[in-house]
Structure formats: structure tokens, C-alpha cells
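Each chain, written out:
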Amino acid sequence: MPLAALDPTPPQPTLEGLAIETRGLTKRFGARIALDGVDLRVPRGSAFGFLGPNGAGKTTMIRTLLGLTRASAGSMQLLGYPVPTERAKALTRVGAIVEEPRFHPYLTGRENLRIVAAVRSPETFQRIEPALARVGLAERAGEKVKSYSMGMRQRLGVARCLLADPLLLILDEPTNGLDPGGIQEFREMIRTMVEQEGRTVFISSHLLDEVEKTCDAAAIVDRGKVITQGPIAELAEGGAHHELIIAVDDPRRALEVLAGLEQVHEAGEDDGALRVVLVDGPETAAAINAALVTAGIGVSRLEPVRHSLEQRFLEVTSRLDAAVEEVPA
Amino acid sequence: MSTAIAWEMTSADFLKLRKRRGTLIWALVLAILPLVIFFAVNAIQHASDPASHGPAGGTANFHDGLRLLGGVFFGPLVAILIGVEAGTNDVAAGVFRDLVVTGRSRLELFATRVPAALALCWLVITSGYALVLLGTFVFADGTPTPDASLILNGYAFVLLATGVLCVVAVGFSSLVASKPAAIIALIAWQIVASPLIASIESLGSSRNIVLSQALAHFSPLRLAGDHGTELAMSGSTAVIVIVAWLAIFLALGAWRTCTMDA
């Protein structure tokens, strides 16, 4: 997707405050609770991942934020405007793709954008061609949408969002149907929007890797509840200790040495190497290495364990699974 | 909503309708083909046996053409097809939610469907009416032809009859949010239930609530003394019935559009 300039006068985003804020947001479908008292804080000028397994309530959250369905309880604000009270003002600068992007298949890509431009405002028509160029569809905008691939429809969906010159983009599983090259281009486009244009991008996804690579911060949601939220690095670390993997020539003696070090919380053998849980951060690795070498132990490998968002995600969602299993029916 | 935005939104709705080839072709076929067959058969019969069959044109055949287009079957079918398409196409395509998330009020989204549907319906009906006039004058063969007043009255009647039904179809289909269900229900009402109810004499004046009977009150055929099967009712009653149908179905369609999960 070529990153052509969309508008000669880019938005003047306010980086202060929150792009999205919800308090106790609840949505019930009969007896089933799809959103359960969600408190969410999405900072402006960031890419924010809304991460959760299928059925966790991600799409319901987006539909509720956008006023497609009514909240059962709680309050929410988009770009500082209370919703639904001032929904129209808030959505003026919001672009959104909910579930898969849908279009009138018998109209061309350009005609589909014209329809949305007509609903937004007369000046929106000027943004149609730049938006098509930006998502790489300028050449095929005259073809009927029924001939488009899923990836092209995703791009057209993003172009439709760009018609709003959005301060906030809300994208529901946006990389569905994109090939690896398309995903990479999409990721670059999101980063450009955030870093160079100051837009806020809210991405719901069940793809941990995608969120980790694209987003600055995220919330992990399951069964309608936000389990945790914050910057990606902090989320991945969670409450876990820092760990090291150390390969040595005499593991038994090394364990004896490590047991005597105040920097070491716990140590044990793990798959032919030693797994060492630190009391403090990874900066103590040098002292541990020095202690082992001083004791005459050969160290052939020493590396910090990187916690991924995936591990953290599985940890919190499996914790929930366990909690559910413990509750008698 | 400013006039400029209302115009753009109506134009966009009109674009969606006119590009819907299947609906447009069927509407044109229903508006034109029966009239072509009507005039062609009458012309052939007159040519082969002038003593038994009068000319295919003239005022008498103008009345029959008017009845085909405005009152009985084909004109109302055109109005139903186009009205239902206008009322359901955004929801059916899954695009309605994308229009809602622009922040535009749902009432405005509903409201602009109506003039767009009327514009296309009346374009198609006008082409049919042009054909009625063409057949009336080309095949008159010396028989009396309608004067300007009857021509204008006839045109106003077909626009009224199809326009009202088209608006009702927009409202009703927006209410049920299902194209097949709306088409079946409206055709069943218009073609089967309405004549049936009108024919049950024991129902008395309550039959006046049938829309097609109220619309028929304004037919130039009635003014010309050709009452057909229509019920007698006062002009004010006919107006009240028509306005009530419009108000009820527009209100229901707007309510559903404003409250449905998009």
C-alpha cells in the first residue's frame, strides 16, 4: 500500500486525554453478559490492541462504542465526547471497520466510497481519490466490488475509514484476509498513522503476534471482562520475575554457586541448561556471570528469557479457565 | 441536515437503486411489456378484423392502459419492487452499520430513501405512461383521443397511485428488514387481499381503509364515469386513508431504522 499523502492539511490531533474511555460498560443479551463492567482507557496518538479469544466480547465492545447497539449500563467517551449523548460529534472524526468490511457488491469501489462521503459531508468527496491511492486501490476503484478479493475489500474498508480524516480508527480484526505482504504493509500504514499523523488506532484482534508487532499498548479481554491493560512491554512482563537461561559445563556445581547468590531467587535445570529466576531486573546478569566464572565454571550461554504477549495472554486466560472450573455449577 | 447533504444523500440512495440492475430491469419490464403486449394484440386484432375489434388506440384504450399502469397490477408491482429495494438494500448488503458509524442520524438515513425511491419509481412509471400515450394516439385510427386535461389527470393519477405505494413499501420493508418477506407481503396485500376485502359487502364502509380503494377515488376513469369495481367514498375520506397509510408506515419504518441493532 503506497503511503501517499491523504490530505494537504493533516488533522490537528490533541494528544492529551484519552481517545476512548469507558467506565463500567456492560452489555447484556438476555441473561448472557457480553461486556461485564469494562473500564478501558485508550491514550490518544497510540496504536492500542484489544486482544482476546473468539467470543471474548471484542466486536460487542466495538459495536457498543459506535452506537450500533445500546449499552445496558456504564458510560463511555470517544475523543472526549460522551456517547451516546454527543455521538454524532464524536463520530465525525472516527473511522471504523466492524467485523468484515461490507459493501454494495454491484457498485464500484469508488461508488461505494461516494455513498459514505455523501452521508458524511460535502467536503468528504475530496478525500475519495487520496484515500483510494493510499490503500493502493486507485487503479481498480472503477471495478465492481464483487470482483474484489477479501484483501482488497479490507483495503477499501480502510479507505472508507480515511474519508473521515479520522483522529480515531477502530478496526475489527483488520488483517483478516490479507496475505503476509499485505499484513506487513498494513502494519506500516498503521504505524505511519500513529507516529507521523498522530492518529489513534484501536485494533481488536485475536492475533497476539499482530498486536505485539503493531501496537504500543493493549488490553486483554476475556468473557466480557478486561483482564489487564497497559503498554505491550509491561503487559508481556506482567507480574513475572526476570529470568535467565544459562548454559554451563558443570550444572551441579553451578546450582550450588547460584544458591548462594542474593541476586538469585530460584534456580533449576531446564532442558540441559539452567533456568534462573532473578530477584531484580536483568542488569544483575553480569554479577551472576562473574560469580560463576570466578568459581571456575565455564559459561557458554547466558541470555534473558523474553516473555511474549502470547505467554502472558495464555497465562491470564488459562487462569480464568481455571477459575471458572473451580466454581461449582 | 443541510439541503446540500440531503441532496447528496438522496443522490447516493438513487445511485444505489439505479445501479441495481436486476430490480431496474424487472421494473422496466413490468411497466412496459404488458402495455406493449396490450397495444400489439389490440392492433393485430383490429387489423385482422376491423368489424369486430375497434382500434387499439383512442380514449377507451387509454383508460385500459391507465388501469394497467396505475391501478390494477403492473404499476403497483413496480412501486413495490423499487420501494422494497430502497428500504432494505443497505441492511441486506451489511452496509447500514457503516453508514450509522458516520454519526449521521438514523432518521436522516431513513428519510433520504423515500425521495430516491420515488424518483426512480416515477421515472419508470413515466416511461410506461409515455408508452400509453404513444399507443393511444398512434393506434387511434380516427376514434376520439384524450384531451390535455385527461392526459394530465391520468399522469397525476399514476404518479399518485404508484408513489403512495412506493413510499408505503419503503416504510414497510424498513420495518421488516427483509426483502423477500416485504415483497411477498406487499404483493399479497395489493393483488389478493385488497380486492378480496373490497368485494366483501358485509364489511360495509370499513372497506374504505383499503389503500387501493382510496387511491382509485382519484382515478380519471372514475371522473369519466367508469367506476369499475371501486367503492364509493368521499374525497376527504380518501385523503385521510391515504395520509394515514403513509404516516403509519413511514413512522414504523423510521422507528425500526432508529432502534434496530445495526
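Definitions and cut-offs
- Residues numbered from 1 in each chain as written.
- Chains lettered and ligands numbered in written order.
- Predicted model: local features only at pLDDT ≥ 70, side-chain atom pairs only at ≥ 80, totals over all residues.
- Helix = DSSP H or I, 4+ residues; strand = E, 2+ residues; numbered from the N terminus.
- Buried ≥ 20, exposed ≤ 12 C-beta atoms within 10 Å, placed from the backbone.
- Rg over C-alpha atoms; globule rule 2.2 N^0.38 Å.
- Contact = placed C-beta atoms within 7 Å.
- Pairing = 2+ DSSP bridges.
- Axes fitted to C-alpha atoms, helices over the stretch in contact; angles between N-to-C directions.
- pLDDT = per-residue confidence, 0-100.
- Nonpolar A, V, L, I, M, F, W, Y, C, P; charged D, E, K, R; others polar.
- Expected span 1.5 Å × (residues − 1).
- Parallel < 35°, antiparallel > 145°, perpendicular 65-115°, else oblique.
- Left-handed = near helix turned anticlockwise from the far one by under 90°.
- Core = buried A, V, L, I, M, F, W, Y, C linked by C-beta atoms within 7 Å.

Undergrad: Looking at this model, I keep getting lost on the overall build of chain A. Mind explaining?
TA: Within chain A one finds eleven helices and 14 strands. Evaluated residue by residue, chain A yields a buried proportion of 42% over its 329 residues.

Undergrad: I tried to follow the overall build of chain B on my own but got confused; where do I start?
TA: Within chain B, the regular secondary structure consists of twelve helices and zero strands. Secondary structure elements of chain B, listed N to C terminal, follow the sequence α-α-α-α-α-α-α-α-α-α-α-α. The C-alpha atoms of chain B give a radius of gyration of 20 Å, which matches the 18 Å a tight globule of 262 residues would have. Scored against the burial criterion, the 262 residues of chain B give a buried share of 45%. A separation threshold of at least 6 residues defines the contact pool for chain B, and within that pool the share at least 24 residues apart is 83%.

Undergrad: Just to check I follow, could you spell out the environment of Thr 259 of chain B for this structure?
TA: Inspection of the secondary structure puts Thr 259 of chain B in helix H12 (residues 235-259). Linking Thr 259 of chain B and Leu 107 of chain B, residues 152 residues apart in sequence, is a C-alpha distance of 9.9 Å.

Undergrad: Before we go on, may I ask you to explain the sheet that holds strand S8 (residues 200-205) of chain A in this structure?
TA: Strands belonging to one sheet form pairs held by backbone hydrogen bonds; the direction of such a pair is parallel or antiparallel. Residues and elements named next belong to chain A. The mixed open sheet is built from six strands, whose spatial order is S6-S7-S8-S3-S9-S10. Edge positions in the open sheet fall to strand S6 (94-97) and strand S10 (225-231), since each of these has one partner strand only. In this sheet, adjacent strand axes meet at a mean angle of 15° when their direction is disregarded. Here helix H5 (residues 150-162) sits on the sheet and contacts S6 and strand S7 (168-172); the angle it forms with S6, its principal contact strand, is near 160°.

Undergrad: How should the confidence of the model for chain B be read in this particular structure?
TA: Low pLDDT means the predicted atomic positions in that stretch should not be read closely. Of all residues in chain B, 96% attain a pLDDT of 70 or more, and the chain-wide mean is 91. Reported confidences for the modelled complex are a pTM of 0.81 and an ipTM of 0.88.

Undergrad: Looking at this structure, I do not really get the interface of chain A and chain B. What am I missing?
TA: How large an interface is tends to be reported as the accessible area lost when its parts come together. Listed as interface residues are 25 residues of chain A and, on the opposing side, 25 residues of chain B. If you list the elements that add at least two residues to the side of chain A that touches chain B, you get helix H2 (87-91) and helix H3 (109-120) of chain A. By residue number, the principal contributor to the side of chain A that touches chain B is H3 of chain A, which donates seven residues. By residue class, the composition of the side of chain A that touches chain B is 14 nonpolar, five polar and six charged.

Undergrad: Explanation requested: the sheet that holds strand S13 (residues 273-278) of chain A in the structure shown.
TA: Residue and element names in this part refer to chain A. Spatially, four strands are ordered S12-S13-S11-S14 in an open sheet, and the strand pairing comes out antiparallel. Among the strands making up the open sheet, the edge pair consists of strand S12 (264-270) and strand S14 (299-304). With direction set aside, neighbouring strand axes in the sheet form an average angle of 20°. As paired strands, strand S11 (residues 243-248) and S14 are joined by five bridges and run antiparallel to one another.

Undergrad: Help me understand the pairing of S12 of chain A in this model?
TA: Within a regular beta strand, the side chains point alternately toward one face of the sheet and then the other, so they alternate between its two faces. Residue and element names in this part refer to chain A. Sheet analysis places S12 next to S13, joined by six bridges and oriented antiparallel. Bridge pairing in S13 places Glu 269 opposite Leu 274. Remark: two residues form the turn of the hairpin made by S12 and S13, two consecutive strands paired antiparallel; Asp 271 in that turn has positive phi of roughly 60°.

Undergrad: Would you take a moment to explain H3 of chain A for this structure?
TA: In an α-helix there are 3.6 residues to a turn, and that puts residues three or four apart on one side. Between its terminal C-alpha atoms H3 of chain A stretches 17 Å, which fits the 16 Å expected from twelve residues at 1.5 Å a residue. Of all the positions in H3 of chain A, only Gly 109, Glu 111, Asn 112, Leu 113, Arg 114, Ile 115, Val 116, Ala 117, Ala 118, Val 119 and Arg 120 of chain A are classed as buried. At its buried positions, H3 of chain A is contacted by helix H4 (128-134) and H5 of chain A together with helix H1 (3-18) and helix H5 (96-100) of chain B.

Undergrad: Please explain the packing of helix H4 (residues 74-93) of chain B against helix H9 (residues 179-199) of chain B as it appears in this structure.
TA: Residue and element names in this part refer to chain B. Orientation of H4 relative to H9, taken along the N-to-C sense of each, is 160°, at an axis distance of 9 Å. On the basis of the axis angle, H4 is roughly antiparallel to H9. By crossing handedness, the relation of H4 to H9 is classed as right-handed. Residues Pro 76, Leu 77, Ile 80, Val 84, Gly 87, Thr 88 and Ala 92 of H4 form the contact with H9, whose participating residues are Lys 179, Ala 182, Ile 183, Leu 186, Ile 187 and Gln 190.

Undergrad: Would you mind going over H12 of chain B with me for this structure?
TA: Residue and element names in this part refer to chain B. The end-to-end C-alpha distance of H12, which contains 25 residues, comes to 36 Å, matching closely the 36 Å that a straight helix rising 1.5 Å per residue would cover. Those residues of H12 that fall on the buried side of the exposure criterion are Trp 245, Phe 249, Leu 250, Gly 253, Arg 256 and Thr 257. Packing partners of the buried residues in H12 comprise H4, helix H6 (106-111), helix H8 (148-176) and helix H10 (211-216).

Undergrad: How should I be thinking about unusual backbone geometry in this particular structure?
TA: Trans is the prevailing form of peptide bonds, just as negative phi is the prevailing case for residues other than glycine. Of the consecutive residues Val 83 of chain A and Pro 84 of chain A, the connecting peptide bond is found in the cis state with omega at 15°. In this fold, Pro 84 of chain A is placed in the loop between strand S5 (81-83) and H2. Positive phi, close to 50°, is recorded for Asp 141 of chain B, a residue that is not glycine. Secondary-structure assignment places Asp 141 of chain B in the loop between helix H7 (113-138) and H8.

Undergrad: Teacher, can you tell me more about the packing of helix H2 (residues 21-48) of chain B against H4 of chain B here?
TA: A pair of packed helices is captured by two measures, namely the crossing angle of their axes and the spacing between those axes. All names here are of chain B. Where H2 meets H4, the closest approach of the two axes is 9 Å, and the angle between their N-to-C directions is 170°. When the axis of H2 is compared with that of H4, the two are roughly antiparallel. Taking contact as the criterion, the partners of Thr 23, Trp 26, Ala 27, Leu 30, Ala 31 and Pro 34 in H2 are, on H4, Phe 74, Leu 77, Val 78, Leu 81, Ile 82 and Glu 85. Across the contact of H2 with H4, the residue classes break down as ten nonpolar, one polar and one charged.

Undergrad: Any chance you could explain the nonpolar core here in plain terms?
TA: Among soluble globular proteins, nonpolar side chains are generally buried collectively. Formed by 90 residues in total, the largest nonpolar core has its most connected members in Ile 170 and Phe 202 of chain A. Apart from residues lying up to four places away in sequence, Phe 202 of chain A is in contact with Ile 20, Val 42, Phe 48, Phe 50, Leu 168, Leu 169, Ile 170 and Leu 171 of chain A. Among the nonpolar cores identified, the runner-up in size contains 57 residues, and Leu 66, Val 84, Val 132 and Val 158 of chain B belong to it.

Undergrad: Just to check I follow, could you spell out the pairing of S11 of chain A for this structure?
TA: All names here are of chain A. Of the two faces of S11, the one lined by Leu 244, Ile 246 and Val 248 is fully buried and the one lined by Glu 243, Ile 245 and Ala 247 carries no buried residue. Judged from the four bridges that link them, S11 and S13 form a sheet pairing that is antiparallel. Bridge pairing links Ile 246 to Leu 274 in S13.

Undergrad: Explain the environment of Ile 20 of chain A here, please?
TA: All names here are of chain A. Along the chain, Ile 20 falls in strand S1 (residues 18-29). Owing to 24 C-beta atoms within 10 Å, Ile 20 belongs among the buried residues under this scheme. Distance from Ile 20 to Leu 78, taken between C-alpha atoms, is 4.8 Å for residues 58 residues apart in sequence. Setting aside its immediate chain neighbours within four residues, Ile 20 contacts Leu 40, Val 42, Leu 65, Leu 78 and Phe 202.

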